[in-house]
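Listed below are the residues making up each chain.
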There are 2 protein chains.
Amino acid sequence: MNTKNIRIKDIATLAGVSTGTVDRVLHKRGRVSKAAEEKVRKILNEIEYKPNPIARSLGSNKKYRIIALIPDPAQNPYWEQANQGLIQAQTEWARYGIQIELFPFDMGGKESFKKKAQEVLSAQPDGVLTAPIYYDEALPVFNLFKNHSIPYVLFNTNIPAAHPLSFIGQDSFQSGKVAAGLMHFGQHLSGTLAVLHLDEDSHNSIHLLEKERGFRDYFSNNGHPAFEITEFNFNPEDPDFPGHLQHLLSDSKLRGIFVSTSRGTSVVASSLEKRGKKDIRLIGYDMLTENLKYLRSGTIDFLINQNPKRQAFLGISHL
Amino acid sequence: MNTKNIRIKDIATLAGVSTGTVDRVLHKRGRVSKAAEEKVRKILNEIEYKPNPIARSLGSNKKYRIIALIPDPAQNPYWEQANQGLIQAQTEWARYGIQIELFPFDMGGKESFKKKAQEVLSAQPDGVLTAPIYYDEALPVFNLFKNHSIPYVLFNTNIPAAHPLSFIGQDSFQSGKVAAGLMHFGQHLSGTLAVLHLDEDSHNSIHLLEKERGFRDYFSNNGHPAFEITEFNFNPEDPDFPGHLQHLLSDSKLRGIFVSTSRGTSVVASSLEKRGKKDIRLIGYDMLTENLKYLRSGTIDFLINQNPKRQAFLGISHL
DNA sequence: ACTCGTTTTGTGCGCGCACACATAATTTTT
DNA sequence: AAAAATTATGTGTGCGCGCACAAAACGAGT
């Protein structure tokens, strides 16, 4: 009673006009005399009108199409988890007339990304959720979206320059700092720390570089014991990769490894375990089942959880 | 189109009856002939009917009263954060006719808890969100709630025996194990570890005891280096408290302190900082502003975040 | 066969909003 | 000054559901 919700009808009576007129003022679609608009505006300023979202969505009953433009889940467990979140969102929002379609693109194929982005555009969705893992290719795509006034939400990787509707995900820089803090914690011997980007094209993936920057930033402010930080870019599909890894691990001064990608962590962990190198600290990303195995066995010391499932779900919700 | 949502009306046509009959079958309020019920039931089994929650809540437009029975936020920053979450939930759900009332009880006064619980009962709310920090007193209260068929959601502290509608919060036992893991991590000298319960009546607070149990459990499985774990119960309001703390800190073999309550952590941290004891590891709970200060300065090594604000919010949402 | 009770079934209304359309009040044109 | 065009305003309808109530069907008794 006390929390009496004002309806559009109440405003109408208060302003001495009909509901239709109030409606037109609210949706600013003209066809209203100045005098009438005045009156309604006045009432609106006095009391705060909150349209009832339930009633609103009931009537319209529109179908919304949202497209998720993300790397192929089949290729990568991280994106598979994200996909899980999408499926969850799908079922959750289904009866509100929201339909989610997946446009997976090939990781490591910028061309694939560009092509799929074009398809998204021509599909004319009501919203897009995407993870712009390629900086250079992403920006022009977003400009196109904006021109077609298709709202888009970024997740996983942030590109502020793209000014999306919103961004869901963690701050890669801070995330790198956290990793560094955990790496530093309790370390009493100086030595080498390795930052590993296990990706096809890590130079173009800003979020990986941001993580590294955060990692280095931490150590530039926290100097004892002194660490030498080296950075490596490996493609885990490369046949030479095991060799490179072995060479890296043979460094007796190596104290810790920070893997910037979720998938790569378990590979490194298995290598460490084989060599019985328990003293090398390993920090990676995300609770993939593979990773969890090594986390339990103690080979992986910390996993920074990006919660792709939840992120994807939230992303859709925001749209 | 393809995801055509079936309405109650569709079922009616399919079964060859009217919507009213379907409605009666769905809400099982009788007044339906066996033959008709048969037909409707058959259709219902074939297709999965999902009532549109939007339309449902539109019509009813009921007012729901939810009461939050939690410790007085004014007395404790942790519960103040929880209160923030309640306020957020309040504004969020306001227009769906949900009203949240706060029944704060005095911490450290079981009598206060019992009294307030009685008040809640006589207020006849549609739902209760509560944090049963006193085990012995809580159970009979929940039985009363159940008798009056008032749904209740627990948060912060779980009491499975109370079988509530749901529980929001972390597993205290696991949380203690995590703390132990972080305590153990990188420790290379054996010594003493202290578990501090800084509460008025810690013996009756199961979640604190659960945390300790988890903490001890970890070390019983991870033995090197060997630690002696001691446990202390202090009341931070007690005038003797600073003396006790000082005595504890004078132990040269003390390696780390685990504070099981969110509020106490900063007190210990300030003490540590005064004595310049940087080498004692300190682990506590929750991102209270006080705690964050010491986390930044490095005196507190880890804070396990229980996110009371979010928990409270989720609790209401579940109801 | 008719009325009266009882059970079964169908219909109508409203929740609050958006949007379409019908009416009313203007202004412009002839 | 009347008709036509334009603009302003009011009213009606439907979204899907729950619930109240009207209508119909059915039996039983006279």
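Residues numbered from 1 in each chain as written. Chains lettered and ligands numbered in written order. Predicted model: local features only at pLDDT ≥ 70, side-chain atom pairs only at ≥ 80, totals over all residues.

1. Overview of the overall build of chain A
Here's step 1: Along chain A, the regular secondary structure elements total 13 helices and 10 strands.
Here's step 2: Relative to its length of 319 residues, chain A is extended, with a C-alpha radius of gyration of 26 Å against a globular reference of 20 Å.
Here's step 3: The dimensions of chain A, computed from C-alpha atoms along their principal axes, are 85 × 40 × 30 Å.
Here's step 4: Evaluated residue by residue, chain A yields a buried proportion of 37% over its 319 residues.
Here's step 5: Pairs at least 24 apart in sequence give 68% of the contacts found in chain A among residues at least 6 apart. (Helix = DSSP H or I, 4+ residues; strand = E, 2+ residues; numbered from the N terminus. Rg over C-alpha atoms; globule rule 2.2 N^0.38 Å. Buried ≥ 20, exposed ≤ 12 C-beta atoms within 10 Å, placed from the backbone. Contact = placed C-beta atoms within 7 Å.)

2. Brief notes about the relation of the copies chain A and chain B
Here's step 1: Once chain A is rotated about the relating axis by 180° and shifted along it by 0.0 Å, it coincides with chain B to within an RMSD of 0.2 Å. Interpreted geometrically, this transformation is the action of a two-fold axis. (Least-squares fit on C-alpha atoms with pLDDT ≥ 70 in both.)

3. Examining unusual backbone geometry
Here's step 1: Here D286 of chain A, not a glycine, exhibits a phi torsion of approximately 75°, which is positive.
Here's step 2: Residue position: D286 of chain A is located in the loop between β9 (281-285) and α12 (289-297).
Here's step 3: The phi torsion at R31 of chain B lies on the positive side, around 60°, for a residue other than glycine.
Here's step 4: Relative to the elements of secondary structure, R31 of chain B occurs in the loop between α2 (19-26) and α3 (34-46).

4. A closer look at the protein's contact with DNA strand D
Here's step 1: By nearness alone, 27 residues border DNA strand D, and S18, G20 and G59 of chain A together with R7 and A55 of chain B come closest of all.
Here's step 2: Mapped onto the surface near DNA strand D, the elements with two or more residues apiece are α2 (19-26), α3 (34-46) and α4 (53-60) of chain A together with α1 (8-15), α2 and α4 (53-60) of chain B. (Near = placed C-beta within 6 Å.)

5. Notes on the sheet that holds strand β4 (residues 152-155) of chain B
Residues and elements named next belong to chain B.
Here's step 1: Here we have five strands laid out as an open sheet, ordered β2-β1-β3-β4-β5, and parallel in their pairing. Each of the sheet's edge strands pairs with one partner strand only, and the pair in question is β2 (98-102) and β5 (166-168). With direction set aside, neighbouring strand axes in the sheet form an average angle of 20°.
Here's step 2: As paired strands, strand β1 (residues 64-69) and strand β3 (residues 127-130) are joined by four bridges and run parallel to one another. The partner of L69 across the bridge, within β3, is T130.
Here's step 3: Packing against the sheet, helix α6 (residues 110-123) makes contact with β1 and β3, and its axis sits at approximately 175° to β1. (Pairing = 2+ DSSP bridges. Axes fitted to C-alpha atoms, helices over the stretch in contact; angles between N-to-C directions.)

6. Concerning the protein's contact with DNA strand C
Here's step 1: The immediate surroundings of DNA strand C are formed by 27 residues, with R7 and A55 of chain A together with S18, G20 and G59 of chain B found nearest.
Here's step 2: Of all the elements in the fold, those that place two or more residues in the surface near DNA strand C are α1 (8-15), α2 and α4 of chain A together with α2, α3 and α4 of chain B.
Here's step 3: Here the element with the most residues in the surface near DNA strand C is α4 of chain A; it accounts for five residues.

7. Some remarks on the sheet that holds strand β9 (residues 281-285) of chain B
Residue and element names in this part refer to chain B.
Here's step 1: Taking strand neighbours across the sheet as the criterion, the five strands line up as β7-β6-β8-β9-β10 in an open arrangement whose pairing is parallel. Two strands close off the open sheet at either side, each with one partner strand: β7 (227-234) and β10 (302-304). Looking at each pair of strands side by side, their axes are set apart by 20° on average, direction ignored.
Here's step 2: Taken together, the three bridges between β9 and β10 define a ladder with parallel strand orientation. Along β10, the bridge assignment pairs G284 with L303.

8. Brief notes about the confidence of the model for chain A
Here's step 1: Averaged over every residue, the pLDDT of chain A is 83; the share at 70 or more is 94%.
Here's step 2: Mean pLDDT across the elements of chain A ranges from a minimum in α4 of chain A, with 77, to a maximum in α2 of chain A, with 93. (pLDDT = per-residue confidence, 0-100.)

9. What about the interface of chain A and chain B?
Here's step 1: Counting residues at the interface gives 14 residues for chain A and 14 residues for chain B.
Here's step 2: Examining the composition of the side of chain A that touches chain B, we find that four residues originate from one element, α4 of chain A, more than from any other.
Here's step 3: Within the side of chain A that touches chain B, the residues separate by chemical class into five nonpolar, seven polar and two charged. (Nonpolar A, V, L, I, M, F, W, Y, C, P; charged D, E, K, R; others polar.)

10. Here we look at α2 of chain B
Here's step 1: T21, V22 and V25 of chain B are the residues of α2 of chain B that are buried. Taken end-on, α2 of chain B shows its buried residues confined to a sector of 100°, consistent with a single buried face. (Arc of directions from axis to C-beta.)

11. With respect to the packing of α1 of chain B against α2 of chain B
All names here are of chain B.
Here's step 1: One way to put it is that α1 packs onto α2 with a least axis distance of 8 Å and a crossing angle of 105°. Taken as axis vectors, α1 and α2 run roughly perpendicular relative to one another. Across the interface between the two elements, I8, K9, I11, A12 and A15 of α1 pack against T19, V22 and D23 of α2.
Here's step 2: Here the residues of the contact of α1 with α2 are counted per class, giving five nonpolar, one polar and two charged. (Parallel < 35°, antiparallel > 145°, perpendicular 65-115°, else oblique.)

12. Some remarks on the environment of D301 of chain B
Residue and element names in this part refer to chain B.
Here's step 1: The residue D301 is located in the loop between α12 (289-297) and β10 in this model.
Here's step 2: Residue class for D301 comes out buried when judged on the 21 C-beta atoms lying within 10 Å of it.
Here's step 3: When the C-alpha atoms of D301 and K278 are compared, they prove to be 10.0 Å apart, with 23 residues separating the residues in sequence.

13. What to know about the environment of P308 of chain A
Residue and element names in this part refer to chain A.
Here's step 1: Counting through the fold element by element, P308 comes out in helix α13 (residues 308-318).
Here's step 2: With 28 C-beta atoms packed within 10 Å, P308 lands in the buried category.
Here's step 3: Considering only alpha carbons, one finds P308 and I168, 140 residues apart in sequence, at a separation of 9.8 Å.
Here's step 4: Apart from residues lying up to four places away in sequence, P308 is in contact with Y78, Q81, A82, G85, N156 and D286.

14. Things to note about the pairing of β3 of chain B
Residue and element names in this part refer to chain B.
Here's step 1: Across the two faces of β3 the burial is the same, with G127 and L129 and V128 and T130 all buried.
Here's step 2: Relative to β4, β3 runs parallel, the two sharing three bridges. Residue pairing across strands places V128 opposite Y152, the latter belonging to β4.
Here's step 3: Between β3 and its parallel partner β4, the chain crosses via helix α7 (residues 135-147), and the hand of that crossover is right-handed. (Right-handed = clockwise from strand over helix to strand, strands pointing away.)

15. Some points on the packing of α1 of chain B against α3 of chain B
For any two helices packed against each other, one specifies the inter-axial angle together with the distance between the axes.
All names here are of chain B.
Here's step 1: Closest axis-to-axis distance for the α1/α3 pair is 9 Å, and the angle between their directions is 120°. Between α1 and α3, the angle is such that the two are oblique. Here the hand of the crossing between α1 and α3 comes out right-handed. In this structure, α1 uses I11, L14 and A15 to contact α3, whose residues at the interface are K39, V40, I43 and L44.
Here's step 2: Across the contact of α1 with α3, the residue classes break down as six nonpolar, no polar and one charged. (Left-handed = near helix turned anticlockwise from the far one by under 90°.)

16. Let's talk about the environment of I54 of chain A
Here's step 1: Relative to the assigned elements, I54 of chain A resides in helix α4.
Here's step 2: Between the C-alpha atoms of I54 of chain A and E119 of chain A, which are 65 residues apart in sequence, the distance is 33 Å.
Here's step 3: Not counting chain neighbours up to four residues away, the residues in contact with I54 of chain A comprise I54, S57 and L58 of chain B.

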